[in-house]
Amino acid sequence: MSSSKTKSTHAELDNILNFVDSSKGLRAKIHETGKVQIRQDLDGKVFSFNTQEVSEVLHRADSEGKPFIQVNFKNGTKVLLTETLVGFKPLETLGLDMSRIPKVVTTPDLLSVYEAIEESMGADNGLDHEVEILKKVYTAIVSGGEKVGFDLSFERAWLNRLLASKFKASA
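Please read these numbers as outputs of a predicted model, since none were measured by experiment.

S.K.: In this structure, what is going on with the packing of helix H2 (residues 108-122) against helix H3 (residues 128-148)? I would like to understand it.
M.R.: Helix-helix packing: each pair is described by the crossing angle between the helix axes and the interaxial distance. Viewed as axis vectors pointing N to C, H2 and H3 meet at an angle of 160 degrees, and their least axial separation amounts to 9 Å. Regarding the angle of H2 to H3, the classification is roughly antiparallel. When the axes of H2 and H3 are compared, the crossing they make is left-handed. When H2 is examined against H3, the residues Asp109, Leu110, Val113, Tyr114, Ala116, Ile117, Ser120 and Met121 are found in contact with a partner set consisting of Glu130, Val131, Leu134, Lys135, Val137, Tyr138, Ile141 and Val142.

S.K.: Hey, could you run me through the environment of Phe150 in this one?
M.R.: Locating Phe150 in the fold gives a position in the loop between H3 and helix H4 (153-170). A residue is classified by how much of its surface remains accessible, and Phe150, at 4% relative accessible area, is buried. Separated by 112 residues in the primary sequence, Phe150 and Ile38 place their C-alpha atoms 9.7 Å from one another. With sequence-adjacent residues up to four places away left out, Phe150 is seen in contact with Gln40, Lys45, Val46, Phe47, Val86, Phe88, Thr107 and Gly145.

S.K.: When you look at the packing of aromatic side chains in this model, what are you seeing that I'm missing?
M.R.: The geometry of two aromatic rings is summed up by the distance between their centres and the angle between their planes. Under the defined criterion, the tally for this structure stands at eight aromatic pairs. Note on Phe154 and Trp158: the rings are 5.9 Å apart at their centroids and 45 degrees apart in plane angle, and the pair reads as tilted. Within this pair, Phe154 and its partner Trp158 are both found in helix H4, separated by four residues, close to a single helical turn. You can call Phe154 partly exposed: its relative accessible area is 47%. Cluster of aromatic residues (ring-pair linked, three or more members): Phe47, Phe49, Phe73, Phe88 and Phe150. Sitting over the ring of Phe154, Arg161 keeps its end group 5.5 Å from the ring centre.

S.K.: Help me out: how do you make sense of the pairing of strand E2 (residues 35-40) in this one?
M.R.: Within a regular strand, side chains alternate between the sheet's two faces. Burial along E2 is one-sided: Val36, Ile38 and Gln40 are buried, while Lys35, Gln37 and Arg39, pointing the other way, are not. With five bridges connecting them, strand E1 (residues 26-30) and E2 associate as antiparallel partners. By the bridge assignment, Arg27 is partnered in E2 with Arg39. What sits between E1 and E2 in their antiparallel hairpin is a turn of four residues, with Gly34 showing a positive phi close to 95 degrees. Alignment of E2 against strand E3 (residues 46-50), held across five bridges, turns out to be antiparallel. Looking across to E3, one finds that Lys35 is bridged to Asn50. Once E2 ends, the chain turns through five residues before running back antiparallel as E3, passing Gly44 with a positive phi of about 75 degrees.

S.K.: I keep staring at the sheet that holds strand E7 (residues 86-88) and nothing clicks. Help me out?
M.R.: Through backbone hydrogen bonds, the strands of a sheet pair up, either in parallel or in antiparallel fashion. In space, the four strands of this open sheet follow the order E4-E5-E6-E7, with antiparallel pairing throughout. Each end of this open sheet is capped by a strand with a single partner; those strands are strand E4 (54-61) and E7. Strand-to-strand twist in this sheet, taken as the mean axis angle between neighbours without regard to direction, amounts to 25 degrees. Across four bridges, the pairing between strand E5 (residues 67-73) and strand E6 (residues 78-81) is antiparallel. When the sheet's bridge partners are listed, Gln70 is paired in E6 with Leu80. Sheet contacts for H3: E6 and E7; angle to E7, the most-contacted strand, approximately 110 degrees.

Calculation notes
- Residues numbered from 1 in each chain as written.
- Predicted model: local features only at pLDDT ≥ 70, side-chain atom pairs only at ≥ 80, totals over all residues.
- Heavy atoms only, no water.
- Axes fitted to C-alpha atoms, helices over the stretch in contact; angles between N-to-C directions.
- Helix = DSSP H or I, 4+ residues; strand = E, 2+ residues; numbered from the N terminus.
- Parallel < 35°, antiparallel > 145°, perpendicular 65-115°, else oblique.
- Left-handed = near helix turned anticlockwise from the far one by under 90°.
- Contact = heavy atoms within 4.5 Å.
- Buried < 20%, exposed > 50% of the residue type's maximum accessible area, 1.4 Å probe, protein only.
- Phe/Tyr/Trp six-rings, centres within 6.5 Å; stacked < 30°, edge-to-face > 60°.
- Lys NZ or Arg CZ within 6 Å of the ring centre and 35° of its normal.
- Pairing = 2+ DSSP bridges.

See the structure below:
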């Protein structure tokens, strides 16, 4: 039984690697330990997973007919591999209306949200409520990315530094 399980794991991995190889903006590296790393050219972020964690790979197409694959993991998480990015679900965050943010996000979305936070913090009319919502959106994306296998410790620290600089400036 374990040999058929190994074969299906290899088939799923082949599906992922073939898709990444044919993509324009993703690069894959496989380690002897069974760990796979997929690097996004756009921002250099690396998505990592263990081959044994994959439960299934589904080939899909978006509304414009562009192909992508959905990788489902045994722990229930999912990622979408597109031509250039790895998409994932933001983590549900207390006090954040999840229906107001996209169902699937990517690591470059963090930069957009970060810039919006900076802009709101710099506004003269003190948009504190907006900053709080944007912080929650940012945290939901970071946490969702970390949950699926991105190392986003730098981005997590980014927000903490930005908030610390605001308090120093207003003191």
